[in-house]
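Okay, here's what each chain looks like letter by letter:
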Amino acid sequence: MSDAVARNVLGGSAMSNFILKACDLHKTYLSGERRLEVLHGVSLSVSDGESVSIRGESGSGKSTLLHLLAGLDVPDSGTVHWEGVPDTGARQRARFLGMVFQSFYLIPELDAVGNVLMAARVAGKVGAIERQRAQDLLARVGLSERGHHLPSQLSGGERQRVAVARALMNAPRLILADEPTGNLDEKTGDSIIDLLLGLCSEQRIALVLVTHNAVHAARTARMLFMRDGVLQNTNL
Amino acid sequence: MPWYLYLALKQLFPSGKWLSFFTAISILGVALGVATLVVTNSVMGGFGYEIRRMIIDTQGDVQIRARSLIEDSGPLLSSVAKVPGVVGVTPFAEGVGMLEYGRKPAFPLIQGVDVNRVNDVIPLSRFIRVGSLDELDDDTVILSSQLAYSLGVHIGGKVTISSPLLIERLKNDEVFLPRELVVVGIFEIGHQQLDSNTVLVTLRRMQDLYGLGEAIHGVNVKIADGLDADAMAARINAVLPEASDMRAHSWINANSEFLFVLQMEKNLVSILLLFIILVASFSIMSSLLTTVVRKTREIGLLGALGGRSREIAACFCVQGFLIGLIGTGTGLALGFGFLHLRNDILLLFTRLTGSQEALERFYQFSNVPAHMESADLVMIVVGTIVISTLAGIFPAWRASRLNPVEALRNE
Ligand SMILES: Nc1ncnc2c1ncn2[C@@H]1O[C@H](COP(=O)(O)OP(=O)(O)O)[C@@H](O)[C@H]1O
Ligand SMILES: [Mg+2]
């Protein structure tokens with residue numbers, strides 16, 4: 001059965017266009033005596049500019065999967081390719097990937113512009129062009145007047161907007177968002193999803209969105225479900 | 001600017017705030033340590049410097065002595081004077097004698113100086129408090145301040161001086177009458193021992209008292225500024241007659257044990273004070289460790305943004321370095337500021353405690369000396385910055401060992 005699921009999940013046959021390709025990922029955690037097999041052969045391919053949502057119960061392994069896709073953690077077995085290359089190192093990550101988290105993770109000592117620019121700094125380049133882009137992105141997420149405010153002076157929704165701008169800063173090919181609306185009220189969450197989906201389609205960036213919200217999930221091109229350590233296609 | 005440097009600066013000096021509280025405490029710790037080191041080192045160095053200067057001022061830079069008497073001093077003086085770098089030579093004879101004034105005896109060290117030349121080597125006139133060196137002749141004497149005070153003798157007073165020669169002559173049934181000399185001056189050098197019990201007479205008077213004839217005990221030599229006293233002593237030794245047992249010793253060599261004790265004392269105090277810096281470095285370490293724990297999730301985020309673990313480590317190392325650098329700068333400013341005002345501060349202190357007179361009596365000066373060797377300053381600065389940077393290494397290592405995934409899960 002998992003083969004069939006895998007084939008379905010892989011989608012079409014245009015393998016070369018895949019911006020992200022994960023094959024047969026296994027991940028097991030040892031907590032005390034117990035072996036917890038969180039991922040049990042997950043395969044996922046995302047093509048350029050495609051948006052994919054992943055839902056699933058809490059603890060089903062969605063964050064674990066995103067961390068493997070981001071190259072932040074290594075699978076017990078299986079492979080992750082970015083743009084057809086198996087390199088998921090730090091230098092690649094800065095350029096290729098943007099991430100948005102449930103708890104924003106802004107650097108409290110830096111103002112909004114500083115936080116957005118931090119992505120460019122880590123990638124190794126901050127010049128006039130980058131500064132302008134940071135300003136433009138802040139304007140795009142509706143915070144043009146708040147650039148010099150510290151995270152502590154921003155509301156939750158505004159912080160997440162800054163985080164979205166930061167994820168877009170280096171013009172990545174892929175954005176991984178892990179429950180970006182989990183800490184926000186419904187209305188604010190909706191607007192964040194509007195922003196994310198809008199910006200990604202505008203700039204042809206692929207998006208993998210982990211969410212609990214069925215409405216948000218339905219707005220992506222493809223909906224997947226994490227259950228029993230594998231991804232299932234909900235369209236089935 | 002690499003991102004880790006930028007972030008290190010921002011964490012120490014966040015936007016909108018002048019200084020973070022943790023940073024301020026850490027910097028203050030280092031600054032206090034450095035200031036204490038600077039002040040102590042400099043004041044102790046100042047006392048040492050004064051003592052050295054006094055040794056040179058009373059003995060010359062180089063002293064030539066012999067085990068026996070130096071009989072024919074004329075050629076010796078002229079040959080030493082010709083050595084390049086020598087700017088002054090003066091012969092001397094010295095010994096203990098008995099001095100009596102109004103039936104009060106004292107047994108001072110008698111220095112016989114060549115009044116025509118002594119000022120070329122030893123700035124004696126500078127130490128004369130009452131009277132004048134010009135009036136010193138074969139029938140006069142200059143007393144040290146404490147001696148004059150304890151005998152109760154004033155300028156114009158008559159003292160008698162006799163020497164061990166008196167006993168020597170008595171054995172041969174000869175009579176040697178004590179010499180009667182007029183006090184024409186009182187000097188004060190600023191050294192307890194010299195000021196308590198020394199008298200100055202002319203070389204000829206000393207030769208007479210000790211029955212030396214034309215012989216002398218030694219020669220004091222002054223060398224040009226900036227020359228190395230030990231090297232000059234070696235050069236002078238080279239021109240001394242082969243057959244004689246005369247040797248030239250630099251003041252450093254002649255006082256090596258005393259100087260060693262001085263140096264030792266200063267080094268020991270510096271090492272003890274270095275512990276202040278060590279304690280400060282622990283406060284840097286603990287504050288940076290707290291920061292690492294507080295910022296666990298941000299460290300995870302930096303990984304997600306594409307930061308490498310050694311860059312994350314560098315971010316914390318740089319913070320230790322910067323705290324050390326700024327702390328040292330502040331400490332130097334504090335320390336030298338304090339030194340600049342040291343006499344005012346001392347004055348205030350003595351006024352408040354009413355101890356001004358006692359201080360002047362015991363220490364013989366009302367001003368605190370200060371002198372810092374540049375090598376010591378470099379040691380303090382480099383040592384502090386190195387220790388502070390090392391204090392950043394452990395937190396940095398902890399930060400770089402954080403797994404970004406674990407760090408991000410740290411809710
Ligand atoms: N480091 C770990 N050690 C042990 N168990 C872990 C660790 N990380 C995650 N898990 C477990 O793996 C499972 C999946 O976690 P996660 O991927 O965060 O789920 P989700 O994001 O879908 O809620 C959970 O049961 C969690 O407890
Ligand atoms: Mg999760």
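Residues numbered from 1 in each chain as written. Chains lettered and ligands numbered in written order. Predicted model: local features only at pLDDT ≥ 70, side-chain atom pairs only at ≥ 80, totals over all residues. Heavy atoms only, no water.

**Q** Looking at this model, I keep getting lost on the site of ligand 1. Mind explaining?
**A** The environment of ligand 1 is formed by 13 residues, the closest being G59, K62, S63 and T64 of chain A together with R409 of chain B. Take K62 of chain A: an N or O atom from its main chain is 2.8 Å from an oxygen atom of ligand 1. Side-chain polar atom of T64 of chain A to an oxygen atom of ligand 1: 2.5 Å apart, as the coordinates give it. Compared with its free state, where it exposes 560 Å², ligand 1 has 73% of that area covered by protein. Mapped by element, the contributors of at least two residues to the shell around ligand 1 are β2 (34-47) and α2 (62-69) of chain A together with α18 (404-409) of chain B. A total of three residues in the shell around ligand 1 trace back to one element, the largest contributor, which is α2 of chain A. By residue class, the composition of the shell around ligand 1 is three nonpolar, six polar and four charged. (Near = heavy atom within 4 Å. Polar contact = N/O pair within 3.5 Å; in protein donor to acceptor, adjacent residues only side chain to side chain. Areas by Shrake-Rupley, 256 points an atom, 1.4 Å probe, with all protein chains shown as cover. Helix = DSSP H or I, 4+ residues; strand = E, 2+ residues; numbered from the N terminus. Nonpolar A, V, L, I, M, F, W, Y, C, P; charged D, E, K, R; others polar.)

**Q** Would you take a moment to explain the pairing of β2 of chain A for this structure?
**A** Put simply, side chains in a regular strand alternate between the two faces of the sheet. All names here are of chain A. Where strand β1 (residues 18-31) and β2 come together, eleven bridges link them in antiparallel fashion. Pairing of K27 across the sheet is with L39, part of β2. Counted between consecutive antiparallel strands, the loop separating β1 from β2 contains two residues, among which G32 sits at a positive phi close to 65°. (Pairing = 2+ DSSP bridges.)

**Q** What exactly am I supposed to notice about the interface of chain A and chain B here?
**A** Interface size is commonly expressed as the accessible surface area that is lost when the partners come together. Tallying the contact residues gives 26 residues for chain A and 25 residues for chain B. Where chain A abuts chain B, roughly 2,400 Å² becomes buried across the two surfaces, and 62% of that area is made up of carbon and sulfur atoms. When residues of chain A are sorted by the area they lose upon contact with chain B, Y105, E109 and R121 of chain A head the list and together hold 28% of the total. For the interface between chain A and chain B, the tally reads two salt bridges. When the shortest N-O distance is used, the salt bridge between K295 of chain B and E109 of chain A registers 2.5 Å. On inspection of chain A and its partner chain B, the count reaches six residue pairs in polar contact (both at pLDDT 80 or more). Only α2, α3 (90-96) and α4 (112-123) of chain A provide two or more residues apiece to the side of chain A that touches chain B. When its residues are assigned to classes, the side of chain A that touches chain B shows 15 nonpolar, four polar and seven charged. (Contact = heavy atoms within 4.5 Å. Buried area = accessible area lost by both parts, 1.4 Å probe. Salt bridge = Lys/Arg side-chain N within 4 Å of Asp/Glu carboxyl O.)

**Q** What is the right way to read the domain arrangement of chain B from this model?
**A** Partitioning chain B into domains gives domain 1 (3-51 + 258-409) and domain 2 (86-223). Computed from C-alpha atoms alone, the centre-to-centre distance between domain 1 of chain B and domain 2 of chain B is 53 Å. (Domains from an automatic or database assignment.)

**Q** Whenever I open this one, the domain arrangement of chain A confuses me. Can you help?
**A** All names here are of chain A. What the domain assignment lists for chain A is domain 1 (1-83 + 206-236) and domain 2 (86-172). Summarising the inter-unit geometry, the C-alpha centres of domain 1 and domain 2 are found 25 Å apart. Counting residues at the interface gives eight residues for domain 1, matched by ten residues for domain 2. Where domain 1 abuts domain 2, roughly 880 Å² becomes buried across the two surfaces, and 71% of that area is made up of carbon and sulfur atoms. Remark: the boundary between domain 1 and domain 2 carries one salt bridge. The salt bridge involving E83 is made with R95; its shortest N-O contact spans 3.6 Å. Here domain 1 is connected to domain 2 by two residue pairs in polar contact (both at pLDDT 80 or more). The residue makeup of the side of domain 1 that touches domain 2, split by class, is five nonpolar, two polar and one charged.

**Q** What am I meant to see in the packing of helix α1 (residues 3-12) of chain B against helix α14 (residues 309-340) of chain B here?
**A** Any two packed helices are characterised by how steeply their axes cross, that is the angle between the axes, and by the distance between the axes. All names here are of chain B. Axis separation between α1 and α14 bottoms out at 8 Å; the angle between their running directions is 50°. Taken together, the axis directions place α1 and α14 in an arrangement best described as oblique. In terms of crossing hand, the pair formed by α1 and α14 is right-handed. Counted together, W3, Y4, L5, L7, A8, L9, Q11 and L12 of α1 and E311, I312, A314, C315, F316, V318, Q319, L322 and I323 of α14 form the full contact between these two elements. Grouping the amino acids of the contact of α1 with α14 by side-chain chemistry returns 14 nonpolar, two polar and one charged. (Axes fitted to C-alpha atoms, helices over the stretch in contact; angles between N-to-C directions. Parallel < 35°, antiparallel > 145°, perpendicular 65-115°, else oblique. Left-handed = near helix turned anticlockwise from the far one by under 90°.)

**Q** Just to check I follow, could you spell out the sheet that holds strand β8 (residues 222-227) of chain A for this structure?
**A** Where strands meet in a sheet, backbone hydrogen bonds hold them as pairs that are either parallel or antiparallel. Residue and element names in this part refer to chain A. Taken in spatial order, the six strands line up as β5-β6-β7-β3-β8-β9 in an open sheet, and their pairing is mixed. In this open sheet, the two edge strands, each paired with only one partner strand, are β5 (97-100) and β9 (230-233). Mean inter-strand twist for the sheet, computed between neighbouring axes without regard to direction, equals 20°. Examined bridge by bridge, strand β3 (residues 51-56) and β8 share five bridges and lie parallel to one another.

**Q** Explanation requested: the sheet that holds β1 of chain A in the structure shown.
**A** All names here are of chain A. Taking strand neighbours across the sheet as the criterion, the three strands line up as β2-β1-β4 in an open arrangement whose pairing is antiparallel. The outermost strands of the open sheet, each flanked by one partner alone, are β2 and β4 (77-82). Taking the axes of each pair of neighbouring strands and ignoring which way they run, one obtains an average angle of 20° across the sheet. Two elements, β1 and β4, share five bridges in a ladder whose sense is antiparallel. By the bridge assignment for β4, K21 is matched with H81. The strands that α2 touches are β1, β2 and β4; relative to β1, the one it contacts most, it runs at about 125°.

**Q** Even after reading the chapter, I still don't get a nonpolar patch on the surface, so can you show me in this structure?
**A** A grouping of V378, V382, V386, L390 and I393 of chain B is seen on the molecular surface, where their side chains present a nonpolar patch of about 420 Å² in accessible area. With respect to the secondary-structure elements, V378 of chain B resides in helix α17 (residues 374-401). (Patch = residues over 30% accessible without salt bridge, like charges linked within 9 Å, V, L, I, M, F, W, Y side chains within 5 Å.)

**Q** What am I meant to see in the packing of aromatic side chains here?
**A** Residue and element names in this part refer to chain B. Tallying each qualifying case throughout the model produces four aromatic pairs over all chains. Seen in terms of ring centroids, W3 and Y4 are 6.1 Å apart; in terms of plane orientation they differ by 80°. Their pairing is edge-to-face. The class of W3 is buried, set by a relative accessible area of 3%. (Phe/Tyr/Trp six-rings, centres within 6.5 Å; stacked < 30°, edge-to-face > 60°. Buried < 20%, exposed > 50% of the residue type's maximum accessible area, 1.4 Å probe, protein only.)

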